[in-house]
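If you want the building blocks of each chain, they are given just below.
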Amino acid sequence: MRKKITHYARCLILALCVPASPASAENGDGVRRDPAVVELLNRQALQQLVLRYARAVDRKDFDRLCRLYHPDAHHDHGGMFAGSPAEMVRWLRETMVDIETQHLIANSLFSIQGTQAQGEIYSVNFHYFPKSGRNYIAGGRYLDRYEKRDGIWRFKSRRRVIDWSEERPASSAQTAATLIRGAPYPNDPSYEFQLDAAEGDDTNCAAENRH
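For every chain, the first residue of the written sequence is number 1, and numbering continues from 1 along that sequence. Residues qualify for local features only when their pLDDT is at least 70, as the model is predicted, and side-chain atom pairs are given and counted only at 80 or more; totals for whole chains, interfaces and linings, by contrast, use all residues. The side-chain figures draw on all heavy atoms in the structure; neither hydrogens nor water molecules are used.

Re the overall build of the chain
When helices and strands are tallied, the chain shows 5 helices and 8 strands. Secondary structure is summarised from DSSP: a helix means a run of H or I of at least four residues, a strand means a run of E of at least two, and numbering begins at the N terminus for each. For the chain, the sequential pattern of α-helices and β-strands runs α-β-β-α-α-β-β-α-β-β-β-β-α. A total of about 12,900 Å² of accessible surface is found on the chain, and carbon and sulfur atoms cover 54% of it. Note on areas: these come from Shrake-Rupley sampling with a 1.4 Å probe, and a residue is covered only by the protein chains present in the view.

Set out below in structure tokens:
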């Protein structure tokens, strides 16, 4: 078994680090790799980016959410909001005071051209309004443009498209009454884990939206 594991480890090393050649590509870290490996690494980074967006919104972790965007990016939420990351964070701070959300990410399609990329991300977003006792559920997609700068992928633009939505009265579920309840940053139990990778230097929008 040990020999088999060692064999797989050697194969992985050979796949990730190959000698420089006309067909090899760089992933932004100075190491030349096979283009297919670079493609996989970029797709994984983009997938992590869209998952981190969902977590940051649901946990109301607005500074971390802001760091997922380039400072000159644009977010379009239709008639609800359109503007810069800094403006988006201010809008969310005001509108999410009495809302609990859960963003579930589904199909994710990416097209990558060097340091530019596009994505279509399916999601079902649940919104619970405790004061009014209702749920709002929206199924739709995010149409994204990404850019890699200094080796880090961030949103260049993000647009929300709704395919269907519904509202319904909320009913309390006694089955989950004894379970640990999620909470906004930094009180959610998930922050006991190191789930957030280094996102690079803080951006201006995060700094100006702290309070």
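A closer look at the pairing of strand β5 (residues 100-113)
DSSP-based pairing: two strands are paired if at least 2 bridges between them are found. Sheet topology note: the β5/strand β6 (residues 116-129) ladder contains 12 bridges and is antiparallel. Bridged to S108 within β6 is I121. Taking the residues between adjacent antiparallel strands as the criterion, β5 and β6 are bridged by 2 residues, where G114 takes a positive phi near 65 degrees.

Remarks on helix α2 (residues 35-58)
By this rule the span expected of a helix is its residue count minus one, scaled by 1.5 Å. Helix length check: α2, at 24 residues, gives a terminal C-alpha distance of 35 Å against a target of 34 Å (1.5 Å per residue), a fit within 8%. For this analysis, a polar contact is any N or O atom pair within 3.5 Å, provided that within protein one partner can donate a hydrogen and the other can accept it, and provided that sequence-adjacent residues contribute only side-chain to side-chain pairs. Structurally, the start of α2 carries an N-cap: the backbone nitrogen of A36 is 2.8 Å from a side-chain oxygen of D34. Phi turns positive, to about 55 degrees, at K60, one or two residues after α2.

Structural notes on the packing of aromatic side chains
Centre distance within 6.5 Å is the pairing criterion for rings of Phe, Tyr and Trp, where only the six-membered ring of Trp is used; planes under 30 degrees apart are then read as stacked, over 60 as edge-to-face, and the remainder as tilted. Enumeration over the complete set of coordinates arrives at 7 aromatic pairs. Ring plane angle 75 degrees and centroid distance 6.0 Å describe the contact between Y53 and F155, whose orientation is recorded as edge-to-face. A residue pair is termed long-range when its members are at least 10 positions apart, and Y53 in helix α2 and F155 in strand β8 (residues 152-169) qualify at 102 residues. Grouping residues by exposure puts Y53 and F155 together as buried. One aromatic cluster is present, formed by Y53, Y69, F110, Y142, Y146 and F155 through successive ring pairs. Consider the ring centre and the ring normal. A charge sits over the ring if Lys NZ or Arg CZ is within 6 Å of that centre and within 35 degrees of that normal. The lysine or arginine in question, R141, covers the ring of Y122, its NZ or CZ lying 5.9 Å from the ring centre. R158 extends its terminal NZ or CZ atom over the ring of Y53, reaching a point 4.3 Å from the ring centre. Burial classes: relative accessible area under 20% of the type maximum marks a residue as buried, over 50% as exposed, and values in between as partly exposed (1.4 Å probe, protein chains only).

Comments concerning the pairing of β8
As judged from the 4 bridges shared by strand β3 (residues 69-76) and β8, these two strands associate in the parallel manner. From the neighbouring strand, H74 faces β8, where its bridge partner is S157. Pairing analysis gives 16 bridges linking strand β7 (residues 134-149) to β8, with the strands arranged antiparallel. Its bridge partner lying in β8, Y146 is registered against F155. Taking the residues that link successive antiparallel strands as the turn, the β7-β8 hairpin has 2 residues, and the phi of D150 there is positive, at about 55 degrees.

Digging into the sheet that holds β3
Reading across the sheet, the 6 strands line up as β4-β3-β8-β7-β6-β5 and stay open at both edges, with mixed pairing between neighbours. In the strand order of this sheet, the two ends are held by β4 (82-83) and β5, each with one partner. We call two residues contacting when some pair of their heavy atoms lies within 4.5 Å. To obtain each axis, a line is fitted to C-alpha atoms, and for helices this fit is confined to the stretch in contact; angles are then taken between N-to-C directions over 0 to 180 degrees. Along the sheet, α2 makes contact with β3, β5, β6, β7 and β8, crossing β5 at roughly 160 degrees.

Details of the pattern of salt bridges
For this analysis, a salt bridge means a side-chain nitrogen from Lys or Arg found within 4 Å of a carboxyl oxygen belonging to Asp or Glu. Enumeration according to the criterion identifies 17 salt bridges in this entry. Here R43 makes a salt bridge to E39, at a shortest N to O gap of 2.9 Å. Of this pair, R43 and E39 both sit in helix α2, 4 residues apart, which is roughly one turn of the helix. Using a relative accessible area of 30% as the deciding quantity, one classes R43 as partly exposed. We classify E39 as partly exposed; its relative accessible area is 28%.

Things to note about the environment of E100
The residue E100 is located in strand β5 in this model. Measuring from C-alpha to C-alpha, the distance between E100 and D58 comes to 7.1 Å, with 42 residues separating the pair along the chain. When residues no more than four places from it in sequence are discounted, the contact partners of E100 are F126, H127, Y128, P130 and R181. For E100, the side chain forms a polar contact with the side chain of R181, separated by 2.9 Å.

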